[in-house]
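The primary structure of each chain is shown beneath.
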Amino acid sequence: MHISNCFSQTYYYQLTKEIRGGRENTNVNGGQFITFQGETCFESDRQGRSVGNGLMKLDRYESKEYKTYSGGCYYGNNALFRFNDDQSLLNIITNAGRVYVYRRRTPPSGATTCSLIKRPEPSVNTVFPTITASPVQAQVTQPSHTPSSTSATGIHSTTGKQPTRKWIDCSMCHGSGRMVYDTHPSTYGINRPDVYCSECGRYWPASFGHSHITCKVCHGKRGYYEDEYR
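Worth saying up front: this structure is predicted, and the values here are computed from it rather than measured. Throughout this document, residue positions are counted from 1 along each chain, in the order its sequence is written. Given that this is a predicted model, residues contribute local features only at a pLDDT of at least 70 and side-chain atom pairs are listed and counted only at 80 or more, while totals for whole chains, interfaces and linings are drawn from all residues. Values shown for side chains rest on all heavy atoms present in the structure; no hydrogens or waters enter the calculation.

Undergrad: I'm lost on the pattern of salt bridges in this one. Help?
TA: One side chain can pair with another of opposite charge once the charged atoms of both are near each other. Any carboxyl oxygen of Asp or Glu within 4 Å of a side-chain nitrogen of Lys or Arg constitutes a salt bridge here. Counting across every chain of the model gives 4 salt bridges. The partner of Glu24 in a salt bridge is Lys17, with the nearest N and O atoms 3.3 Å apart. When accessible area is computed with a 1.4 Å probe and restricted to protein chains, residues below 20% of their type maximum are described as buried, those above 50% as exposed, and intermediate ones as partly exposed. Classification of Lys17 by relative accessible area gives partly exposed; the value is 23%. Here Arg49 and Asp45 are joined by a salt bridge, their closest N and O atoms 2.9 Å apart. On the basis of relative accessible area, Arg49 is assigned to the exposed category, the value being 53%. According to the relative accessible area criterion, Asp45 is buried, its value standing at 12%.

So, in structure tokens, the structure goes:
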């Protein structure tokens, strides 16, 4: 189901699984309305109004097999939205290498807006009443060396032990720090010889415009450390 006018289209995407550190978790719920306008998209309410999570812009030259948008969303300012050709499947890839898999569905009865909306930053000298935490929490980074007596997510309890740091390879570049970038330039019908790529160690058709660039997910850092409490 989608809502459209002359300038935009709005679809509902349901979260089906999360991939973290190579492990899949299907015990998930929630969904996002996403509105497409020209070469941009953003998380919105059912009527196509932005919920303030950010704006994603289409990368026109990344691939012809899928559409990738980059920019700001609920999951951060350097996340990627990757859609298949008919926009029925969405992968959200975070800067930490986590992947959230969404599928386009008919919105549940009564759903009027996204289940994940960033909380506004409080202004200086503004006092807010105490609010009970909702079931869906934004990601909160724990201190690296001093775990608090109560975990911010309510998952980890105090053990008195230092966390174990585990290295996770970036899911995009698989730890190389570089990713394939094909521009698909026009060859105007001219047959050109294949071009050798020293990074791949193989030849590619000239029509691919094949090259490699710094990974857009890890920004060349090759991956990230993740703290594990036991």
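Undergrad: I keep staring at unusual backbone geometry and nothing clicks. Help me out?
TA: In most cases, non-glycine residues show a negative phi, while peptide bonds are predominantly trans. One non-glycine residue, Gln87, lies in the positive phi region at around 60°. Per the convention used, a helix needs a DSSP run of H or I reaching at least four residues, while a strand needs a run of E reaching at least two, with both numbered from the N terminus. Within the fold, Gln87 resides in the loop between β8 (76-83) and β9 (89-93). Overall, the relative accessible area of 11% leaves Gln87 in the buried class. For His219, which is not glycine, the phi torsion reads 60° and is therefore positive.

Undergrad: Sorry if this is basic, but what is going on with the pairing of strand β5 (residues 40-44) here?
TA: Consecutive residues of a regular strand have side chains that alternate between opposite faces of the sheet. Most of β5 sits inside the fold, with 5 of its 5 residues counted as buried. Every second residue of β5 is oriented toward a common face, with Thr40, Phe42 and Ser44 on one face and Cys41 and Glu43 on the other, all of them buried. Two elements, strand β4 (residues 31-37) and β5, share 5 bridges in a ladder whose sense is antiparallel. Across the sheet, Phe36 pairs through a bridge with Cys41, a residue of β5. By the convention used here, strands pair only if DSSP detects at least 2 bridges between them. Connecting β4 to the next strand, β5, in antiparallel fashion are 2 residues, including Gly38 with a positive phi near 60°. Pairing geometry for β5 and strand β6 (residues 56-59), over 2 bridges, is antiparallel.

Undergrad: How should I be thinking about the environment of Asp194 in this particular structure?
TA: Mapping Asp194 onto the fold places it in the loop between β12 (178-182) and β13 (195-197). Remark: the alpha-carbon pair of Asp194 and Trp204, spanning 10 residues in sequence, is separated by 5.3 Å. When checking whether two residues touch, look at their non-hydrogen atoms; a contact exists if any pair is within 4.5 Å. Setting aside residues up to four positions removed in sequence, Asp194 forms contacts with Tyr203, Trp204, Pro205 and Ala206.

Undergrad: Just to check I follow, could you spell out the nonpolar core for this structure?
TA: A general feature of soluble globular proteins is that nonpolar side chains tend to end up buried together. Residues enter a nonpolar core if they are buried and are Ala, Val, Leu, Ile, Met, Phe, Trp, Tyr or Cys, with the set joined through side-chain atoms within 4.5 Å. Counting 19 residues, the largest nonpolar core has Tyr75, Phe81, Phe83 and Tyr102 as the members making the most contacts within it. Elements with a contribution of two residues or more to this core: β2 (8-20), β4, β7 (67-73), β8, β9 and β10 (99-105). Not counting residues within four places of it along the chain, the set of residues in contact with Phe81 comprises Ile34, Cys41, Glu43, Met56, Lys67, Thr68, Tyr69, Cys73, Leu90, Asn91 and Ile92. Counting 11 residues, the second-largest nonpolar core is a separate cluster that includes Ile93, Val101, Cys170 and Met179.

Undergrad: What exactly am I supposed to notice about the side chain of Glu43 here?
TA: Considering the arrangement of structural elements, one finds Glu43 in strand β5. Only four residue types enter the tally: Lys and Arg on the positive side, Asp and Glu on the negative side, with His and both chain ends excluded. Buried within the structure, Glu43 lacks any salt-bridge partner; its nearest side chain of opposite charge belongs to Lys118, at an N-O separation of 7.0 Å. Within the structure, Glu43 has its side chain in polar contact with the side chain of Gln32 (distance 3.1 Å). Those residues in contact with Glu43, other than ones at most four positions away along the chain, are Gln32, Phe33, Ile34, Arg49, Ser50, Val51, Asn53, Cys73, Tyr74, Phe81 and Cys114. In protein, a polar contact means a hydrogen-donor-capable atom and an acceptor-capable atom, both N or O and within 3.5 Å, with residues adjacent in sequence counting only if both atoms are side-chain atoms; elsewhere, any N or O pair within 3.5 Å suffices.

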